[in-house]
Amino acid sequence: MHPGRQLAVLGFIFVVLYLLVFFAGGASGSFTDRLHPKLGLDLVGGTQATYIASVQGGQVPSKESMEQARDIIDQRVNALGVSEAEVVIQGDRNIVVSLAGKADDQLKDLSQAAQMRFRLVIGATGDVSTVALNPPTATPSAAASGSAKPSTSAKPSTGASAPAVSSSASTGGQGGGEVVKAPTPTPTPSASASASAPAAPPASADEKALLAEVQKKVGTAAWAAASKLTAPVDLSTDPTAGKPYAPFAKLSGDEVNVLTPQMQMYVPTIGCTQLDARPNGAIDAVGKQVVACYNGGKILMDQAKVVGDDISKASPQLDQQNGQWVVSLDFKSEGSTKWAALTRQAFEATSDAPCYTAATAMYGSIEHCAVAVVLDKSVISAPQIQGVLTGTSQITGQFNASSSKELADQLNFGALPVTFSSGPAQTVSATLGTQQLQAGLIAAAIGMGLVAIYAFFYYRLLGSVIFLSLLLSGLLTFGALVFLGRTVGFTLTLAGIAGFIVSLGVAADSFVIYFERLKDEIHEGRSPRSAVPRAWARARRTIISANTITILAAVVLYIVSVGAVQGFAFALGVATVLDLVVVFLFRHPIMTMFASTKAFLSPRVSGLGRVLRRAPTDVKEA
Amino acid sequence: MASQGLAARLYAGEANVNIIGRRKLWFAIAAVLVVISIASIAIRGFHLGIEFAGGTSFSVPATTGSTTYTQDEVSDAVERAIKSVDPNAEVVSSQTLGSTGGGGDTYTVRASTLTAAQAEQAKTALVTDLKLDATKVSDDQVSAAWGGQVTRQALLGLIIFLIVVMIYLIIRFEWRMAAAAVSSLLLDLIFTAGVYSLVGFEVTPSTVVGFLTILGYSLYDVVVVFDKVQENTRGITASSIRTYNEATNLAVNQTLMRSINTGLVALLPVGGLLFIGAGLLGAGTLKDLGLVLFVGMGFGVLASIMFAAPLLTVFKDREPKIKAHTARVLARRASAKSGDVARGERTGGRSSNMAESDEAPALASSAPRPGARPTAKRTSGGSNTNRGPGNRPGGKRR
């Protein structure tokens, strides 16, 4: 390639990079604001948040699970390894996360447990708590809303959309009741029979005590009535049927949590507000049936047959068909078997299965059962299963680009073994501060100065090529750092700055290889003009080999490692690629141009002079 | 020729230092260093920083009653307090925590690990010292920020990298060179780690990052040397002029200046870091990084010359083709010794410049050889100069 063209390519890269720096990736503020790389916690301080592990069964979480939680939170906050976050365990049960800059948003959702469960929906009823407590005085209105129901449920789309609490909640309840009765009256009892068997929880002492308290609070009459329930109380036939259960409406989330799933489900006065107020991790138990709210109605779900650990990889995807963001899941081999079994159960369920009844209650006319996708306390979605799924599956829900990515990340990094509540975010000052930053920059200047002096001393005019390309590397690196800081959150700590200084020195190495080669060629009696391309061809091989190794190191470490090491690998890769760009697009063409000038041939100005002089001396001696 | 100093000969790539010949010496030194390093790592271990080992954190309100302390005052007071409990303890960092909800700032001072009892004592000392409200001051054990997982994954990455780079070097060169290069890298890593353990420098995340930088750099040096070796030994078995070991020694000599230059150029900025970090600031990130890089890179240059290349010749000596070739060259030389007097003289004259210790059999022959190449070159150089002077600057100057 013509040297001019290579320089033009370099110029193009340079212009594009700085256009990106000034105008892309959310650039804002004044001219100088746009030129700031993202500086780390040690240099400019940042934001700190404390997450407190909840004590379960009176026990502080074990050291191991805290350490595991620390690792997972570290990965969540530092998914790319470049944000230089600090995550430490403080005391027994606090995890303190510090991030550079203003980062309240990033710190918000870090402590989410992200326990994912896939559960067959085996019961559905409306949230009728309001109606159950305040039975409508005018019976006709209830009847009217009741008659409205079938038409709604005929259209699955409307049926699925969240109904408003009061009016349509009653219709939901009624709808469920009606369907249960109409086809076969037997399934409901059989459902609860099968449900109660695995549901006997080995309650801890604390829970037993709380349960006793709850019994006292609701009164024996209400408790006895609730214990007898095996199906949702049908308020459509008797609007006052909810009366006996009124005391349950006063229970707190914690208290509701100790009730059996059947009670939570069938007692009409327990509403979604209470269910949502249950502590974190309330419906995590894999081997238990659980109740949660979905689209404003209560659903009873079977044991979790598939869990988050069965997922091998999750990734956010934009569904091309409807423009909706979804999370695509790949299962591990064992997980895939479980998932196929679960979807088969849902797909092949006959109309007498409890899940069929439940799905009908949720969606109106259906053909298959629904499987709920549960994340922590909330049901993300509960789609009907349209076939036996073995391979990649998708979770749909109300996702946007960032929330789908967040969920995918959480699934990939694993669930927290401990549940946390988050404390307030605080600002935190720099540990090193600007004095150290200045020292770092002075060190950079000294280092570069020494390299330049050495280059000029040793290679004379060729030193100016080294100097110019160091300058160019510096500018390219700086531009890349600013741009990466804004787009992927690449954060520069003092160590990072030092690393880049060193990488500049290492980049100068490739010059030495080239120039020494050049010297060899001239030593062997070639004219500078013919020596340049020959030396280049040979040096190029060495430089490419050496840089390939560095890039291998960067890629392997980036893929395998986590945290600070991953960040280092990223920086190493960036520095090496930039080095190659400068070597190929600047130094080589410049040298080609140099070789055809007079100055290059003068021993005084080019560092090759002594070699040129030596040849005659040798002759004399020989 | 004798008037020319070592520097000038280095510059021209004709230092003729017998490196391969003394390989037993280098291996002995390397073995001693490895043994010392591993012993030190095994016995003394590393002085791990708070990021690895965890520590104790003291939280002190900025304002107590009417007194407001500065961050430095509190930090110094904590330092005094922990020193009174454990003379080896030290303050690692101090930060100001600003509450967004009002209520005044808090200082967080992190110190090296103390036992619960020590921390309690230190806290009492601190409270008395600054006349604080004991209930407002808290001490906590802080875990390592650098989780065990980071180390595990980094080690896994290191192993995978070594395998991948081994494969690359086998494709690019051959397995013997790959083995020699990776051994040299391992030597460099073990030695650097050994220095840390032995001297008791603190290991911080910056140190680890610096340590990983050596990975690429150390191999970079070896590749430069091996590239030249490969060039010099291409088709060597077709001629009987020099043995493999001699050709390697020549390559090492030719790349000596290159190695010194690349080493210097890379070490200059590191020196800058070290000077500023250790000299002006006393401690911290810059010093940690500068130190590990200085040791690792400096030793990497040495290892590529004195260990990688000699090790390669050891491997090569065992290759049947090279073994037969070496024997052939030596036999031919022995028979030519009586006949070719002129050539013997010339090489003999040069060999006085060289180091004399040539115990290894290969070396007995290598002594005359390094001189041989410049000789041959001189002839060709001479012919060049004969036609050259007119258009060559060198000629003009004369």
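Residues numbered from 1 in each chain as written. Chains lettered and ligands numbered in written order. Predicted model: local features only at pLDDT ≥ 70, side-chain atom pairs only at ≥ 80, totals over all residues.

> How do you make sense of the overall build of chain A when you look at a structure like this?
When helices and strands are counted, chain A shows 24 helices and 14 strands. Burial status across chain A gives 50% buried among its 622 residues. Excluding contacts between residues fewer than 6 apart, the proportion of contacts in chain A whose partners are at least 24 apart in sequence is 74%. (Helix = DSSP H or I, 4+ residues; strand = E, 2+ residues; numbered from the N terminus. Buried ≥ 20, exposed ≤ 12 C-beta atoms within 10 Å, placed from the backbone. Contact = placed C-beta atoms within 7 Å.)

> Is there a simple way to think about the overall build of chain B in this case?
Looking only at helices and strands, chain B has 15 helices and eight strands in total. Expressed as a percentage of the 398 residues in chain B, the buried residues total 49%. For chain B, the share of sequence-separated contacts (at least 6 apart) that also reach a separation of at least 24 residues comes to 77%.

> How should the nonpolar core be read in this particular structure?
By size, the foremost hydrophobic cluster in this structure holds 247 residues, and its most contacted members are V121, I299 and A372 of chain A. The contacts of V121 of chain A, once residues within four sequence positions are left out, are I299, M301, C355, A358, A359, C369, A370, V371, A372 and A382 of chain A. Counting 19 residues, the second largest nonpolar core, distinct from the first, contains I82, Y107, A119 and L132 of chain B. (Core = buried A, V, L, I, M, F, W, Y, C linked by C-beta atoms within 7 Å.)

> What should I look at first to understand the sheet that holds strand β12 (residues 393-395) of chain A in this one?
The pairing of strands in a sheet happens through backbone hydrogen bonds and is either parallel or antiparallel. All names here are of chain A. In space, the three strands of this open sheet follow the order β8-β9-β12, with antiparallel pairing throughout. Every other strand in the sheet has two partners, leaving β8 (311-318) and β12 as the edge strands with one partner each. Direction aside, neighbouring strands of the sheet carry axes that sit 30° apart on average. Judged from the seven bridges that link them, β8 and strand β9 (residues 325-331) form a sheet pairing that is antiparallel. If you follow I311 over to β9, its bridge partner there is F331. Relative to the sheet, helix α17 (residues 401-413) contacts β8 and β9, its axis offset from that of β8 by approximately 175°. (Pairing = 2+ DSSP bridges. Axes fitted to C-alpha atoms, helices over the stretch in contact; angles between N-to-C directions.)

> Please clarify how the sheet that holds strand β6 (residues 290-294) of chain A should be interpreted in this entry.
All names here are of chain A. Here five strands make up an open sheet; going across it, the order is β6-β7-β5-β10-β11 and the pairing antiparallel. Each end of this open sheet is capped by a strand with a single partner; those strands are β6 and β11 (378-381). Averaged over neighbouring strand pairs, the angle between their axes works out to 50° when direction is ignored. The pairing of β6 with strand β7 (residues 297-307) spans five bridges and is antiparallel. Each residue of the ladder has a partner; that of Y294, found in β7, is G297. Contacts between helix α16 (residues 354-363) and the sheet are confined to β5 (116-126) and β7, with β5 contributing the most and set at about 70° to the helix.

> What am I meant to see in the UniProt feature "transmembrane region" (unreviewed entry) in chain A here?
Residue and element names in this part refer to chain A. Those places that UniProt annotates as "transmembrane region" (unreviewed entry) correspond, in this numbering, to residues 437-458, 465-484, 490-515, 543-561 and 567-586. The span residues 437-458 is 100% helix and 0% strand, and its two end C-alpha atoms sit 31 Å from each other. Measuring from the first to the last C-alpha atom of residues 490-515 gives 35 Å, for a span that is 85% helix and 8% strand. (UniProt positions renumbered as here; feature names shortened; annotations may be inferred.)

> Would you mind going over the UniProt feature "transmembrane region" (unreviewed entry) in chain B with me for this structure?
All names here are of chain B. Here the UniProt feature "transmembrane region" (unreviewed entry) sits at residues 25-43, 154-171, 178-201, 207-226, 264-283 and 289-315. Between the C-alpha atoms that bound residues 178-201 the distance is 32 Å, and the span itself is 92% helix and 0% strand. The straight-line gap between the two end C-alpha atoms of residues 289-315 is 35 Å; of that span, 100% is helix and 0% is strand.

> How do you make sense of the environment of V17 of chain B when you look at a structure like this?
Residue and element names in this part refer to chain B. Along the chain, V17 turns up in the loop between α1 (6-11) and α2 (23-43). Classification of V17 as buried rests on a count of 20 C-beta atoms within 10 Å. Remark: the alpha-carbon pair of V17 and L250, spanning 233 residues in sequence, is separated by 8.8 Å.

> Explanation requested: the packing of helix α20 (residues 494-523) of chain A against helix α10 (residues 285-317) of chain B in the structure shown.
Any two packed helices are characterised by how steeply their axes cross, that is the angle between the axes, and by the distance between the axes. Between α20 of chain A and α10 of chain B, the shortest axis-to-axis distance is 9 Å and the interhelical angle comes to 35°. Relative to α10 of chain B, α20 of chain A is oriented so that their crossing is right-handed. Of the residues in α10 of chain B, those in contact with L494, A495, A498 and V502 of chain A of α20 of chain A are T285, L286, L289 and L293 of chain B. Residues that form the contact of α20 of chain A with α10 of chain B fall into these classes: seven nonpolar, one polar and no charged. (Left-handed = near helix turned anticlockwise from the far one by under 90°. Nonpolar A, V, L, I, M, F, W, Y, C, P; charged D, E, K, R; others polar.)

> What is the right way to look at the pairing of β9 of chain A in this model?
When a strand is regular, its side chains alternate between the sheet's two faces. Residues and elements named next belong to chain A. Here β8 folds back onto β9, and the loop between the two strands holds six residues, one of which, G323, carries a positive phi near 70°. One ladder, built from three bridges, connects β9 with β12; its direction is antiparallel. Pairing of S328 across the sheet is with Q394, part of β12.

> Help me out: how do you make sense of the packing of helix α3 (residues 63-77) of chain A against α17 of chain A in this one?
Residues and elements named next belong to chain A. Where α3 meets α17, the closest approach of the two axes is 10 Å, and the angle between their N-to-C directions is 145°. α3 and α17 meet at a crossing whose hand is right-handed. Packed against α3, whose contacting residues are I72, Q75 and R76, the element α17 presents D409, Q410 and F413 at the interface. Residue composition of the contact of α3 with α17, grouped by class: two nonpolar, two polar and two charged.

> What is the right way to look at the pairing of strand β4 (residues 94-100) of chain A in this model?
Residues and elements named next belong to chain A. Burial analysis of β4 places six of its seven residues in the buried class, which makes it a mostly covered element. Pairing of strand β2 (residues 46-53) with β4 involves seven bridges; the strand directions are antiparallel. Note that in β4 the partner of A49 across the bridge is V97. With five bridges joining them, strand β3 (residues 86-90) and β4 adopt antiparallel strand pairing. Opposite V88, over in β4, you have V96 as the bridge partner. What sits between the antiparallel neighbours β3 and β4 is a turn of three residues, in which G91 has the positive phi angle 65°.

> Would you mind showing me how to read the environment of P244 of chain A here?
All names here are of chain A. Relative to the helices and strands, P244 resides in the loop between α11 (220-228) and α12 (253-257). For the pair formed by P244 and A222, sequence separation is 22 residues and the distance between their alpha carbons is 5.7 Å. In this structure P244 touches A221, A222 and A225, once residues within four positions along its chain are discounted.

> Would you mind going over the confidence of the model for chain A with me for this structure?
Close reading of the predicted structure is inappropriate where its pLDDT is low. All names here are of chain A. Mean pLDDT over chain A works out to 74, with 81% of the residues at or above the 70 mark. Of the regions scoring below 50 in pLDDT, residues 138-201 engages in 101 contacts with residues more than four places distant in sequence or in other chains. Taken as a whole, residues 613-622 scores under 50 in pLDDT and shows 21 contacts with residues more than four places along the chain or in a different chain. (pLDDT = per-residue confidence, 0-100.)

> Even after reading the chapter, I still don't get the environment of Y107 of chain B, so can you show me in this structure?
Residues and elements named next belong to chain B. As for its position among the elements, Y107 is in strand β6 (residues 106-112). For Y107 and A62, which are 45 residues apart along the polypeptide, the C-alpha to C-alpha distance reads 6.3 Å. When neighbours within four sequence positions are excluded, Y107 is seen to be in contact with V60, A62, Q71, V74, S94 and T96.

> For this particular structure, what's the right way to read the confidence of the model for chain B?
Residues and elements named next belong to chain B. For chain B, per-residue confidence averages 74 on the pLDDT scale, and 78% of positions sit at 70 or higher. Confidence over residues 341-398 falls short of pLDDT 50; this stretch has 83 contacts with residues more than four positions distant or in other chains. The ipTM assigned to the predicted complex is 0.72, against a pTM of 0.67.

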